[in-house]
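Structure at a glance
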Amino acid sequence: MTRVAVLGAGITGVTTAYALAKRGVNVTLIERHRYAAMETSYANGGQLSASHAEVWNHKATLWNALKWMARRDAPLLLNPTPGWHKLSWFAEFLAAMPDYERNTIATARMAIAAREHLFAWAQAENIAFDHRRAGILHVYRDQRGFERAAGVSRLLAKGGLQRRAVSLLEMRAIEPALTGDFYGGYYTDSDSTGDIHKFTSGLADACVRLGVACRFGAQVTALAREHGKVRVTMGEDSVLFDAVVICAGTASRAMAAMLGDHVNVYPVKGYSITVQLDDAASRAAAPQVSLLDDATKLVSSRLGEDRLRVAGTAEFNGVNYDIRADRIRPLLQWVEQCFPGINTRKVIPWAGLRPMLPAMLPKVGPGKAPGVYYNTGHGHLGWTLAAATAEMVAEVVLSSSATSR
């Protein structure tokens, strides 16, 4: 039986291990933390959002980045200190701008495909993850943003996603709790939300039941091709596998380099707050429908009855896990302005590093060397895309191993 090591136990690693195990592959899941889903898959915005499939390689993104450079609380913050990794990433980002439409359509298709697998897995494994199928409402504060969204909707439709324009009156009917001055919105009733940490942890337990060997607390220190196999070194321990699948988030770039591949993942930091809705008034004042506010680039998701997750911002500042007060403050202010009836005495801040590739599409499939595969670089859509890309890479691994026999 083919022995495959999956490196990384975030959402992409655990879904990959599960997809492989379901196909009868002998899988070892290796993770440096003590548990699954302890980094970027811990406290994200919660949205399973095909409606958010637009890639960032657009002149609007560049304009916003320049406009916001002087603001420490900006939705997109770029540390101007130069570095080769950052410069090479942005050069590739610019080079991918002609593919903006094609990549947006491709991302939408993957997001739609992912739903079927994720929902089926959750049902089959009885995973409770605060799943809420109430759709996602994109809100716009001015006519310009709303009209630009119409163009994005046409692209998403080419990828198979339908989202409809809604008036201010319709917005209020969809989410009565929302307050503020808005122009209009777009609503995607097929999108949903859920707790990524609960789902990933539950699927990791399912992997164990399927026979996956989970090696938590194991730091990968070296990777090397050897006699047609791949040697994975974890400190003083070293094991040969028939194949490896690198699902290591922001660590994927360094691991790929060990195996002769260029996978230019950059760590783009995002922040979230989890507001505890401990009193009846707060629960009544909190939104039921997931939101994306285009002006602030913030998303919100209701997780169960007693939590509201608000997340967003993009910070290009290298490998840095610091939780900055000036980056958390806009999230808290957004809650206070849009949902003033929520008590914000108990708020848990968090920051995570999104593994983002310049073209905004994940790398899914083989590397240069036989036995080396990737499922990484999902950026802000790891939760949304992971179930589809796990199925894709599992099929490639299985077909390659069958061919090599």
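Our structure's up above, just so we're on the same page.
Residues numbered from 1 in each chain as written. Predicted model: local features only at pLDDT ≥ 70, side-chain atom pairs only at ≥ 80, totals over all residues. Heavy atoms only, no water.

This part covers the side chain of T15. Summarising the element assignment, T15 is placed in helix α1 (residues 11-22). One polar contact links the side chain of T15 to the main-chain carbonyl oxygen of T12, over a distance of 3.0 Å. With residues up to four places along the chain from it excluded, the contact list for T15 reads W121, F199, L203, A386 and A390. (Helix = DSSP H or I, 4+ residues; strand = E, 2+ residues; numbered from the N terminus. Polar contact = N/O pair within 3.5 Å; in protein donor to acceptor, adjacent residues only side chain to side chain. Contact = heavy atoms within 4.5 Å.)

Strands belonging to one sheet form pairs held by backbone hydrogen bonds; the direction of such a pair is parallel or antiparallel. Sheet architecture is open: three strands sit in the order β10-β11-β12, paired in antiparallel fashion. At either end of the open sheet lies a strand with only one pairing partner, and these are β10 (222-226) and β12 (237-241). Pairs of neighbouring strands in the sheet enclose a mean axial angle of 20°, with direction left out of account. (Pairing = 2+ DSSP bridges. Axes fitted to C-alpha atoms, helices over the stretch in contact; angles between N-to-C directions.)

What follows covers the nonpolar core. Ranked by size, the top nonpolar core spans 41 residues in total, and within it L20, F199 and V245 carry the most contacts. Of all the secondary-structure elements, those providing two or more residues to this core are β1 (3-7), α1, β2 (26-31), α4 (100-124), α7 (196-209), β13 (243-246) and α11 (382-404). Ranked by the residues each element gives to this core, the list is headed by α11, at eight residues. Contacts of V245, omitting those with residues within four sequence positions, involve V4, A5, V6, L7, T16, L20, Y373, Y374, N375, V393 and V397. (Core = buried A, V, L, I, M, F, W, Y, C linked by side-chain atoms within 4.5 Å. Buried < 20%, exposed > 50% of the residue type's maximum accessible area, 1.4 Å probe, protein only.)

Positionally, T376 belongs in strand β20 (residues 372-376). Within the structure, the side chain of T376 is placed 2.8 Å from the side chain of S252, a separation counted as a polar contact. Leave out the neighbours within four places in its chain, and T376 touches I246, A248, G249, S252, V263, V265, L357, P362 and K363.

Enumeration over the complete set of coordinates arrives at 16 aromatic pairs. Seen from their ring centres, Y266 and F316 are 5.7 Å apart, and the 25° between their planes marks the pair as stacked. One end of the pair, Y266, is in strand β14 (residues 266-276); the other, F316, is in strand β17 (residues 307-316), and 50 residues separate them in sequence. Given the relative accessible area of 3%, F316 is considered buried. (Phe/Tyr/Trp six-rings, centres within 6.5 Å; stacked < 30°, edge-to-face > 60°.)

A few words on the environment of Y373. Tracing the backbone through its elements, the reader meets Y373 in strand β20. A relative accessible area of 6% means that Y373 is categorised as buried. Residues Y373 and V245, 128 residues apart in the sequence, show an inter-C-alpha distance of 4.6 Å. Residues within four places of Y373 in sequence aside, it is in contact with A243, V244, V245, I246, G365, P366, G367, V393, V396, V397 and S400. Within the local environment of Y373, its side chain forms a polar contact with the side chain of S400, the two groups lying 3.3 Å apart.

Any functional reading would require information beyond the geometric quantities listed.
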